[in-house]
Amino acid sequence: MPRPASVYRCQQCGFASPKPGTCPDCKRASGELVPLVEERAAPVAPGARRAALAAGTRPQALKDVAMERGDRTLTGIGELDRVLGGGLVRGSLVLIGGDPGVGKSTLVLQAARALARVSPPVLYVTAEESAAQVKLRADRLGIGGDGLLLWAESDLGAVQAELDTVKPRALVVDSIQTVFLPELESAPGSVAQVRECGARLMTLAKGRGLATFLVGHVTKDGSLAGPRVLEHLVDTVLYFEGEQHHAYRVLRAVKNRFGSTNEIGVFEMAGSGLVEVPNPSGFFLAERPAEAPGSVVVSALEGTRPLLLELQALVTRASFGTPRRTVLGADYNRVCLLLAVLEKRAGLPIGGQDVFVNVAGGGRVNEPAADLGVVIAAASSYLERPVPPDVLVLGEVGLTGEVRAVNGIEVRLRAAAQLGFKTAIVPRSNVEGSLPMAVKGVATVSDALGALLG
Ligand code: TYD
Ligand code: MG
């Protein structure tokens, strides 16, 4: 038998070439020289690739297709269920990506425990840590063993062989970069392995109706390590994010075949694992200083869910040279634009001042609806006049200083009203019908400054 031919593959984008060298695609995209790695192509039996998605089916009329809508299991972790689109779908493959140490293993272990309660058994395959290490974490989280099977194994072939004996209702694989298929010669974590392991797990998930959680690592630039095909393959991609020095973590759906991608789940990393934060706004506003200049509360919309965040600005005389602009938690260019509007349209001479903008508590806001909040915070700091603590500020700001309408005004205001806010400064075009709290409509930045800071 002839020796199988080698291919040389880029480990970042999956580009394949018959010759060694560096990846032309990555060079074009980022200027980086990524070496191609040799892979011995494993002989693939004819037909072996045909996924068992629906073996032996024929085309059928749309109206005859059986619905599987009821096949959801609530994990019991409300924030996770919400992000999944209302529970875990039978036979779905869910990829959870995130930086090292953000808490992916903790999250899947807690999810596995919760699932083991409602639909045991659950098989947790750890290819990264030893069973003892996972046990240590489980003890810390107060997780007992009922219905939860732990297995330190990185050979996916062995896992597959065991499924018939164990018959798990859900499977966790931690992580996709450390498991491997022995028939491939490439190392675990290589593009070929990640792709084939992903495809194998997909086949198992669909063929057996086995809900599967996959943990994935992210690279320096924040995308999931391994080939993009993995993201295309799986049903759901969730990112687990958090700032290193803050306890809160956000689970965000970036792809979901069974639900909206706008939803987020919020957790706090505590000594005893991840704790759901059903009211994240209270969390972010907990330490808000009263009557301090430069602090403004905005209501950002994450999917269907309003999130109240405190924007802080500090405007101070530039000590030397070019004034500095430092922005944390918001878009730098957007903030620079807003400061320019504040200077030019409202006549506040802040061009020569250092400006620092921060979202308190390590939060992040990427919405135009927070524009007016940034402008007011900067003005409030410059003028040394505080914004009243029970006032909410909403509005998109245009280059001529006009304040434009925002979407979802009602939900945003309702959330604020629940937390005790009394008045909102909103775009004039949003003022209509009955709104959940007293509002003052403004048409320009100057209007807003006049209304709030005199
Ligand atoms: P881990 O789930 O191992 O992260 P990942 O799998 O994403 O790499 O969690 C790592 C961090 O979480 C670690 O720095 C310690 C912290 N942690 C807690 O603060 N409380 C806990 O109960 C647990 C289990 C972890
Ligand atoms: Mg881990």
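The structure under discussion appears in the preceding block.
Attention in this report is confined to the structure presented alongside it. (Residues numbered from 1 in each chain as written. Chains lettered and ligands numbered in written order. Predicted model: local features only at pLDDT ≥ 70, side-chain atom pairs only at ≥ 80, totals over all residues. Heavy atoms only, no water.)

Section: helix 9 (residues 332–346)
Spanning 15 residues, helix 9 covers 21 Å between terminal C-alpha atoms, matching the ideal 21 Å at 1.5 Å per step. Of the residues trailing helix 9, G347 is marked for its positive phi of about 70 degrees. (Helix = DSSP H or I, 4+ residues; strand = E, 2+ residues; numbered from the N terminus. Expected span 1.5 Å × (residues − 1).)

A closer look at the site of ligand 1
Looking at ligand 1, there are 16 residues lining it, with G101, K104, S105, T106 and G273 nearest. Between ligand 1 and the protein, one listed contact pairs an oxygen atom with a backbone N or O atom of G101 at 2.7 Å. Within the backbone of G271, a nitrogen or oxygen atom sits 3.0 Å from an oxygen atom of ligand 1. When contributions to the shell around ligand 1 are tallied by element, the ones reaching two or more residues are helix 3 (104–118), helix 4 (131–140) and strand 13 (264–270). (Near = heavy atom within 4 Å. Polar contact = N/O pair within 3.5 Å; in protein donor to acceptor, adjacent residues only side chain to side chain.)

Focus: empty space enclosed by the protein
Scanning all chains against the criterion turns up one cavity of 30 Å³ or more. Around the largest cavity, the lining residues are R72, L84, G87, L88, V89, S92, V94, T236 and F258. Looking at the lining of the largest cavity residue by residue, the classes come out as five nonpolar, three polar and one charged. (1 Å grid on protein atoms, 1.4 Å probe; cavity = no way out; pocket = protein on both sides within 12 Å on 5 of 7 lines; lining within 4 Å. Points joined across faces, edges and corners; volume = space filled by probe spheres on them. Nonpolar A, V, L, I, M, F, W, Y, C, P; charged D, E, K, R; others polar.)

Points about the pattern of salt bridges
As a working rule, side chains carrying opposite charge can pair if their charged atoms are close by. As enumerated under the stated definition, the model contains 18 salt bridges in all. Here D25 makes a salt bridge to R28, at a shortest N to O gap of 3.6 Å. A residue pair is termed a helical-turn pair when its members lie 3 or 4 positions apart in one helix, as D25 and R28 do in helix 1 (residues 24–30) at three residues. A network of salt bridges, in which partner residues are shared, links K206, D235 and R257. (Salt bridge = Lys/Arg side-chain N within 4 Å of Asp/Glu carboxyl O.)

Looking at the sheet that holds strand 2 (residues 16–17)
Here three strands make up an open sheet; going across it, the order is 2-1-3 and the pairing antiparallel. One side of each edge strand has no neighbouring strand; the edge strands of this open sheet are strand 2 and strand 3 (36–40). Two strands pair when backbone bridges link them, and strand 1 (residues 6–10) and strand 3 are joined in this way by five bridges, in the antiparallel orientation. In the strand pairing of strand 3, R9 is matched with V37. (Pairing = 2+ DSSP bridges.)

Here we look at the nonpolar core
One finds L309, L342, L372, I376, V445 and L452 to be the most contacted residues of the largest nonpolar core, which totals 46 residues. Excluding anything up to four places from it in sequence, L372 contacts V393, L394, G395, V397, V403, I425, V442, V445 and A448. The next biggest cluster of nonpolar side chains, apart from the first, holds 34 residues, and it includes L88, A112, V172 and F240. (Core = buried A, V, L, I, M, F, W, Y, C linked by side-chain atoms within 4.5 Å. Buried < 20%, exposed > 50% of the residue type's maximum accessible area, 1.4 Å probe, protein only. Contact = heavy atoms within 4.5 Å.)

Quick word on the sheet that holds strand 6 (residues 93–98)
Hydrogen bonds between backbone groups are what pair the strands of a sheet, and the pairing can be parallel or antiparallel. The nine strands are arranged 8-7-9-10-6-11-12-13-14 in an open sheet whose pairing can be described as mixed. Two strands bound the open sheet, and with one partner strand each, they are strand 8 (148–152) and strand 14 (273–276). Geometrically, the sheet is characterised by an average inter-axis angle of 25 degrees between neighbouring strands, direction not taken into account. Where strand 6 meets strand 10 (residues 211–217), six bridges bridge the pair, whose relative direction is parallel. Bridged to G98 within strand 10 is H217. Of the strands in this sheet, strand 7 (122–126) and strand 8 are in contact with helix 4, which crosses strand 8 at around 145 degrees. Relative to strand 6, helix 6 (residues 191–208) is tilted by about 140 degrees, and along the sheet it contacts strand 6, strand 9 (170–174) and strand 10. (Axes fitted to C-alpha atoms, helices over the stretch in contact; angles between N-to-C directions.)

A word on the packing of aromatic side chains
Counted under the stated rule, the structure contains one aromatic pair. Between F240 and F267, the ring centres sit 6.1 Å apart and the planes meet at 80 degrees, which makes this aromatic pair edge-to-face. Linking F240 in strand 11 (residues 236–242) with F267 in strand 13, this pair joins segments that are 27 residues apart in sequence. Grouping residues by exposure puts F240 and F267 together as buried. (Phe/Tyr/Trp six-rings, centres within 6.5 Å; stacked < 30°, edge-to-face > 60°.)

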